[in-house]
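An overview of the molecular structure
Each chain, written out:
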Amino acid sequence: TNLDRFWQALSDDGGRYWRTIEPSALDASSAPGHLLRLASGRLVLVWNRSLRKMLLLRLRDLRQSEQRYRTVFDSSPDALFVLDAQGRILDANAHAARRYGYARDELLAMSVHDLAPADLKSAVAERLQAVDSGEPNFEWRHCRRDGSEIPVEINAVAFMLGEQRRLLACVR
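Scope of this entry: the structure provided in the associated data block.

Moving on: the overall build of the chain. If you tally the helices and strands in the chain, you get 5 helices and 9 strands. Secondary structure elements in the chain, listed N-terminal to C-terminal, are β-β-β-β-α-β-β-α-α-α-α-β-β-β. Out of the 172 residues belonging to the chain, those deemed buried represent 32%. Here the contacts in the chain between residues at least 6 apart in sequence split such that 31% fall between residues at least 24 apart. When the accessible area of the chain is evaluated, it comes to approximately 11100 Å², of which 53% is carbon and sulfur surface.

Applying the stated criterion to the full structure yields 3 aromatic pairs. Between Y69 and F73, the aromatic rings sit 5.3 Å apart at their centres with planes inclined by 20°, giving stacked as the arrangement. Here Y69 pairs with F73, and both are found in helix α1 (residues 49–75), just 4 residues apart, close to one helical turn. With relative accessibility at 35%, the residue Y69 sits in the partly exposed group. Between F138 and W140, the aromatic rings sit 5.7 Å apart at their centres with planes inclined by 85°, giving edge-to-face as the arrangement. In this pair, the class of F138 matches that of W140, namely buried.

Together, L56, L59 and L62 give the surface a local cluster of nonpolar side chains, amounting to about 270 Å² of exposed area. Turning to its location among the elements, L62 is positioned in helix α1. Residue class for L62 comes out exposed when judged on its relative accessible area of 56%.

Another aspect to go through is the pairing of strand β9 (residues 164–171). Sheet topology places strand β5 (residues 79–84) next to β9; 6 bridges connect them, and they run antiparallel. Within β9, the residue paired with A79 across the bridge is V171. Relative to β9, strand β8 (residues 149–161) runs antiparallel, the two sharing 8 bridges. Its bridge partner being in β9, I154 is matched across the sheet by V171. Hairpin connection from β8 to β9: 2 residues lie between these consecutive antiparallel strands, with G162 at a positive phi of about 70°.

Further remarks concern the sheet that holds β5. Strand order across the open sheet formed by 5 strands is β6-β5-β9-β8-β7, with antiparallel pairing between neighbours. Edge strands, defined here as strands with exactly one partner in the open sheet, are β6 (89–92) and β7 (137–143). Ignoring which end each strand starts from, the neighbouring axes of this sheet average 35° apart.

Tallying each qualifying case throughout the model produces 10 salt bridges. Across the salt bridge formed by R70 and D91, the nearest N and O atoms sit 2.8 Å from each other. Within this pair, whereas R70 is found in helix α1, its partner D91 is found in strand β6, the two being separated by 21 residues in sequence. For the pair formed by R70 and D91, the shared burial category is buried.

Rules used throughout
- Residues numbered from 1 in each chain as written.
- Predicted model: local features only at pLDDT ≥ 70, side-chain atom pairs only at ≥ 80, totals over all residues.
- Heavy atoms only, no water.
- Helix = DSSP H or I, 4+ residues; strand = E, 2+ residues; numbered from the N terminus.
- Buried < 20%, exposed > 50% of the residue type's maximum accessible area, 1.4 Å probe, protein only.
- Contact = heavy atoms within 4.5 Å.
- Areas by Shrake-Rupley, 256 points an atom, 1.4 Å probe, with all protein chains shown as cover.
- Phe/Tyr/Trp six-rings, centres within 6.5 Å; stacked < 30°, edge-to-face > 60°.
- Patch = residues over 30% accessible without salt bridge, like charges linked within 9 Å, V, L, I, M, F, W, Y side chains within 5 Å.
- Salt bridge = Lys/Arg side-chain N within 4 Å of Asp/Glu carboxyl O.
- Pairing = 2+ DSSP bridges.
- Axes fitted to C-alpha atoms, helices over the stretch in contact; angles between N-to-C directions.

What is shown is where atoms sit, not what they do.
If you want it as structure tokens, here you go:
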């Protein structure tokens with residue numbers, strides 16, 4: 001196959017069946033990929049070699065960045081939680097898992113409502129809103145997996161991640 005050209009696919013029925021797939025006259029040195037038709041009739045996108053190399057390097061850098069973030073996040077001596085606006089736990093560090101007696105995956109299926117003792121559950125939504133009102137520090141109680149209650153001091157901050165409002169809660 002000719003990988004230094006753009007490929008064109010021609011169809012008479014809007015793409016349901018392809019009449020022909022062939023190299024075009026356009027140079028594809030900066031093209032992201034090429035469309036090929038297999039003997040079975042299936043279409044395959046073949047990536048430009050230089051773009052593939054660039055994507056692999058970016059993926060490696062992204063993985064290293066994620067590893068650095070996870071190392072810092074998990075090294076905190078405090079329990080750290082990333083929450084959505086409703087209080088669902090989106091991320092939790094290793095200390096949070098140890099402190100509360102849950103596996104990290106279990107915490108990610110929970111919300112802060114699940115950590116609040118029965119007498120405080122009705123006040124959780126109010127506390128989440130108070131963070132936006134400039135009251136990020138407060139004392140509270142949480143429940144561990146074994147049912148025991150622990151006093152905690154929470155310092156939380158709201159931030160935007162893309163278009164999503166998130167909370168970072170540091171729990172001591």
